[in-house]
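One letter stands for each residue in the lines below.
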Amino acid sequence: MIRFIGFVFLVLTFSACQQEPQYNKLSGNTMGTKYNITFDSNGVSIDKLQSALTQELETINQLMSTYIPDSEINQFNALTTDACFQFSERTWTVLVAAKDVYHQTNGAFDITVGPLIQRWGFDAAEYDEKVPTEEEVKLLHETVGTDQLEYDSAKQCISKTNPKLTINLSAIAKGFAVDQLADIMAEFQISNYLVEIGGETKGQGVNVHGYPWRIAVEKPSSNASQQELLVIALESTSIATSGDYRNYFEVAGKRFSHTIDPTTGYPIEHNLTSVSVIHPSNMYADAYATAMSVLGGEASLEFADQYQLPVLVIERQNDELVTHANNLFEKFFIK
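Residues numbered from 1 in each chain as written. Predicted model: local features only at pLDDT ≥ 70, side-chain atom pairs only at ≥ 80, totals over all residues. Heavy atoms only, no water.

The next thing to look at is the environment of arginine 119. Note that arginine 119 resides in helix H4 (residues 114-119). Since its relative accessible area comes to 8%, arginine 119 is described here as buried. Each C-alpha atom of the pair arginine 119 and leucine 140 lies 8.7 Å from the other, and the pair is 21 residues apart in sequence. (Helix = DSSP H or I, 4+ residues; strand = E, 2+ residues; numbered from the N terminus. Buried < 20%, exposed > 50% of the residue type's maximum accessible area, 1.4 Å probe, protein only.)

Feature annotation in UniProt places "binding site: Mg(2+)" (unreviewed entry) on Ala171, Asp286 and Thr290, given in this structure's numbering. Separation in sequence by 120 residues is not matched in space for these annotated residues, since their most distant C-alpha atoms are only 6.7 Å apart. Summarising the element assignment, aspartate 286 is placed in helix H7 (residues 282-295). Here aspartate 286 falls in the buried class, since its relative accessible area comes to 1%. (UniProt positions renumbered as here; feature names shortened; annotations may be inferred.)

What follows deals with the sheet that holds strand S7 (residues 193-197). An order of S2-S3-S7-S8-S11-S14-S15-S16 is seen for the 8 strands of this open sheet, with the pairing classed as antiparallel. Each end of this open sheet is capped by a strand with a single partner; those strands are strand S2 (23-30) and strand S16 (320-325). Strand after strand, the sheet turns through a mean of 10° between neighbouring axes, direction not considered. The strands touched by H7 within the sheet are strand S8 (200-204), strand S11 (237-243), strand S14 (272-279) and strand S15 (311-317), with S14 carrying the most contacts at an inclination of about 155°. Sitting on the sheet, helix H8 (residues 297-307) is in contact with S14, S15 and S16, with an inclination near 170° to S15. (Pairing = 2+ DSSP bridges. Axes fitted to C-alpha atoms, helices over the stretch in contact; angles between N-to-C directions. Contact = heavy atoms within 4.5 Å.)

Take the packing of aromatic side chains next. Each aromatic ring pair is characterised by the separation of its centres together with the angle its planes make. Summed over the entire model, instances satisfying the criterion amount to 10 aromatic pairs. Where phenylalanine 76 meets phenylalanine 87, the ring centres are 5.5 Å apart and the plane angle is 50°; that geometry is what we call tilted. You can see phenylalanine 76 sitting in helix H2 (residues 72-77) and its partner phenylalanine 87 sitting in the loop between strand S4 (85-86) and helix H3 (89-104), a full 11 residues away along the chain. Just as phenylalanine 76 is buried, phenylalanine 87 falls in that class too. Among the aromatic residues, ring-to-ring pairing joins Tyr284, Tyr288, Phe303 and Tyr307 into one connected group. Sitting over the ring of phenylalanine 76, lysine 160 keeps its end group 4.8 Å from the ring centre. (Phe/Tyr/Trp six-rings, centres within 6.5 Å; stacked < 30°, edge-to-face > 60°. Lys NZ or Arg CZ within 6 Å of the ring centre and 35° of its normal.)

This structure, assessed with the given rule, holds 3 salt bridges. Residue glutamate 56 is joined to arginine 90 by a salt bridge in which the shortest nitrogen-to-oxygen separation is 2.9 Å. Residue glutamate 56 is found in helix H1 (residues 46-64), and its partner arginine 90 is found in helix H3; the two are separated by 34 residues along the sequence. The partner of lysine 202 in a salt bridge is aspartate 179, and the shortest N-O contact between them spans 2.9 Å. Here lysine 202, found in strand S8, pairs with aspartate 179, found in helix H6 (residues 173-187); they are 23 residues apart in sequence, far enough to count as distant. (Salt bridge = Lys/Arg side-chain N within 4 Å of Asp/Glu carboxyl O.)

Turning next to H7. Between its first and last C-alpha atoms H7 spans 20 Å; for 14 residues at 1.5 Å apiece the expected length is 20 Å, and the two agree. Extensive coverage of H7 is indicated by the burial of 13 of its 14 residues. The first or second residue beyond H7 is glycine 296, which carries a positive phi of 100°. (Expected span 1.5 Å × (residues − 1).)

Here is the structure:
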């Protein structure tokens, strides 16, 4: 479930002569991507705010990164016994949400799918033969499944029923981080802000012109340039997008998506190319977008209807892009 980051970009226009209110912007690197925060900075200590934001991002990285050897997640992944590993409050929150979405989507969202992603060549490891054999997929698939993790809510710990199981939170951690940074903005009594990490975005209040934050959803394209498909107004909610239109490989003329279906162990084969989800919790929006990229267009719209989620689905049909937005998503359109 490795996600291509950056499908949503910000449409921000500033007037050079604008004096009041005063808006500021903070940016930096985190979680293998960049963060950008734009906010009403009147009466705010920028240094104190920057320090609080940086500390929170460093804490989340230390807990959830698979690239930090002694991270909390890697300590759990290194376990080869059925001992119940106790997690910190932040990581536990993400793990509980991940389990929730796993069950809601019948396994389409699965934080244990990492070994399959790695073997298909979409992670740090690369293989001369990218397409694994059926036997390889079968063996790896046995080490995948959130249902093989036993949650103990009372002790806030998880044990493995299969010692080979590992966890990767890359498809939900950025959304959680966006929520955490938004909470910090609220703690500093900032009522107008836009928080974005690698395309996952949360808006509160209004922009410098007094209007809801304008967010452009990118038109799916295999090239690196960003093209605006449509613009929405984001106020007191968040958006996350998942897609596979830039991350894939071809072998013998067959295209293999970077999105792995955890229920089969193979890359998806449907024609959905991008899906955007609006939700008050960016953590859930992040996870739902990933799950829907596995489910496909029709199933995603049915899922969105069941859970009352504003969703935009983009499918490729005969080299044409076909857009489907449900009624809940259309309410956010800027005409």
